[in-house]
Amino acid sequence: MGCQIFPSYQFKDAIVVIEENVMTAPNLVIFGAGHPIRDPQDSHLAESVYIRKNAYIGGNVTIRYGVEVGESAVIAAGSIVTKNVALFTIVSGNPAKLISTID
């Protein structure tokens, strides 16, 4: 509920891929593109986003363009994900940081 996915409308090869068995809590936001800081009117900065199978994403999480969430990774509620999340890890915070690995 409340999931929003914004791929780039300028760069069609920058895609958002969500693999099988991914669970998300409400209010997930995925940005496949952004604007350059120096001139927001310039072309988008865009990269694909990949969320690998069996990942769990808590409520009110934001995922930035260019991020890959690894298989069976967990993102804690309220996190802002700006870098890749390794498989079988738990991340949390703003920006999201490693909390622990999943045995």
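Just so you know, the residues in each chain are numbered from 1, in the order the chain's sequence is written. Residues qualify for local features only when their pLDDT is at least 70, as the model is predicted, and side-chain atom pairs are given and counted only at 80 or more; totals for whole chains, interfaces and linings, by contrast, use all residues. With hydrogens and water stripped out, all remaining heavy atoms of the structure feed into the side-chain values.

*Asks:* Where do I start with the overall build of the protein chain in this structure?
*Replies:* Comment: elements are numbered from the N terminus, with helices defined as DSSP H or I runs of at least four residues and strands as E runs of at least two. For the protein chain, the helix and strand inventory stands at 0 helices and 14 strands. Secondary structure of the protein chain in N-to-C order comes out as β-β-β-β-β-β-β-β-β-β-β-β-β-β. Taken over C-alpha atoms, the radius of gyration comes to 13 Å for the protein chain, in line with the 13 Å a tight globule of 103 residues would show. When its C-alpha atoms are laid out on the principal axes, the protein chain stretches across 45 × 25 × 25 Å. Going through the 103 residues of the protein chain one by one, you find that 32% of them count as buried. In what follows, a contact means two residues having at least one pair of non-hydrogen atoms within 4.5 Å. Of the contacts made within the protein chain by residues no fewer than 6 positions apart, 36% connect residues no fewer than 24 positions apart. We compute the radius of gyration over the C-alpha atoms and compare it with the globule rule, which gives 2.2 Å times the number of residues raised to the power 0.38. Here's how the labels work: a residue is buried when its accessible area is under 20% of the maximum for its type, exposed when over 50%, partly exposed in between, all with a 1.4 Å probe on protein chains only.

*Asks:* For this particular structure, what's the right way to read the environment of Gln10?
*Replies:* Tracing the chain through its elements places Gln10 in the loop between strand S1 (4-6) and strand S2 (16-18). Taking C-alpha positions, Gln10 is 8.9 Å from Ala33, a pair spaced 23 residues apart along the chain. Residues contacting Gln10, with those up to four places away along its chain left out, are Ser43 and His44.

*Asks:* Where do I start with the pattern of salt bridges in this structure?
*Replies:* Pairing of side chains with opposite charge becomes possible as their charged atoms draw close. In what follows, salt bridge is the name for a side-chain nitrogen of Lys or Arg lying within 4 Å of a carboxyl oxygen of Asp or Glu. As enumerated under the stated definition, the model contains 2 salt bridges in all. Taking the shortest distance from any N to any O, the salt bridge between Arg52 and Glu19 comes out at 2.7 Å. In this pair, Arg52 is assigned in the loop between strand S7 (49-51) and strand S8 (56-57) and Glu19 in the loop between S2 and strand S3 (23-24), connecting sequence segments 33 residues apart. Take Glu19: its relative accessible area is 26%, and that puts it in the partly exposed class.

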